[in-house]
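Understanding the architecture of this molecule
In case you want the letters, here they are:
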Amino acid sequence: MKGWILVGLSGVTCGGKTTLAAMLQKSVTGSIILSQDEFFREEYSDKHEMIPELQHVNWESLSSIDWNSFMSKLFELMRHEPPTGNPLLIVEGHLIFNYFPLMQMFDKKYFIHNKQRRMLERRRVKKYGLHDTMTGARKTPKHGDTLNFMPHCVILQYVDYLCH
């Protein structure tokens, strides 16, 4: 690992992981962030798990991430010496502690907890596009779509994290 300290930041979607990672990076000169969000599969990938009731990709499942590319990038970063005396490599994402090969690598792990009401408030603000598999069109989610996505995906994934 060439002297890196690998820190994992995880928690529910829209829970503040990226914000916290950016604050850490700003505070620790030379630190690097690797964001799971950069490795989402293309929307039409056949590797996705679908939610039939919503006709929507389950972006909260492990299958939504290209883990081979993610791990290749992580190992590429770790092959090099840290740029300064502060060897912090921050890995952030809502699924990073569920992917077993990655989970074992962290020197420090931090999980951000949120109440369900706060999770819903944060998700309402974030802009997501739902894919209509029947027509191929993208639609902007309505309040009801967000409410449906929460129990079918977000809450279930969050509870799964809390149980492990």
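Here is a short report on the structure shown in this document.

Moving on, we come to the pairing of strand S5 (residues 88-92). Along any regular strand the residues' side chains alternate between the sheet's two faces. For S5, the tally of buried residues reaches five of five residues, placing the bulk of the element in the interior. A two-sided burial pattern is seen for S5, the buried positions comprising Leu-88, Ile-90 and Glu-92 on one face and Leu-89 and Val-91 on the other. Across five bridges, strand S1 (residues 5-11) lies against S5 in parallel orientation. For Val-7, the partnering residue across the bridge sits in S5 and is Ile-90. In this sheet, S5 lies alongside strand S2 (residues 32-35) in parallel orientation, the contact comprising four bridges. Opposite Ser-35, over in S5, you have Glu-92 as the bridge partner.

Below, the discussion takes up the nonpolar core. The biggest cluster of nonpolar side chains holds 20 residues, and the ones touching the most others in it are Leu-6, Phe-70, Leu-74, Val-91 and Leu-102. Elements with a minimum of two residues in this core: helix H2 (67-78) and S5. When neighbours within four sequence positions are excluded, Phe-70 is seen to be in contact with Leu-34, Ser-35, Gln-36, Phe-39, Val-91, Ile-96 and Leu-102. Listed in part, the five residues of the second largest apolar core include Leu-9, Ala-21, Leu-88 and Ile-90.

Turning to H2, a few remarks are in order. The first and last C-alpha atoms of H2 sit 16 Å apart over 12 residues, in line with the 16 Å expected at 1.5 Å per residue. Within H2, burial applies to Trp-67, Phe-70, Met-71, Leu-74, Leu-77 and Met-78. What you see down the axis of H2 is that its buried residues fit within an arc of 120°, all on one side. Residues of H2 that are buried in the fold lie against S1, S2, S5 and helix H3 (100-103). If you check the start of H2, you find a side-chain oxygen 3.3 Å away from the backbone N of Asn-68, and it comes from Asp-66.

Basis of the calculations
- Residues numbered from 1 in each chain as written.
- Predicted model: local features only at pLDDT ≥ 70, side-chain atom pairs only at ≥ 80, totals over all residues.
- Heavy atoms only, no water.
- Buried < 20%, exposed > 50% of the residue type's maximum accessible area, 1.4 Å probe, protein only.
- Helix = DSSP H or I, 4+ residues; strand = E, 2+ residues; numbered from the N terminus.
- Pairing = 2+ DSSP bridges.
- Core = buried A, V, L, I, M, F, W, Y, C linked by side-chain atoms within 4.5 Å.
- Contact = heavy atoms within 4.5 Å.
- Expected span 1.5 Å × (residues − 1).
- Arc of directions from axis to C-beta.
- Polar contact = N/O pair within 3.5 Å; in protein donor to acceptor, adjacent residues only side chain to side chain.

Read these as spatial facts, not as claims about activity.
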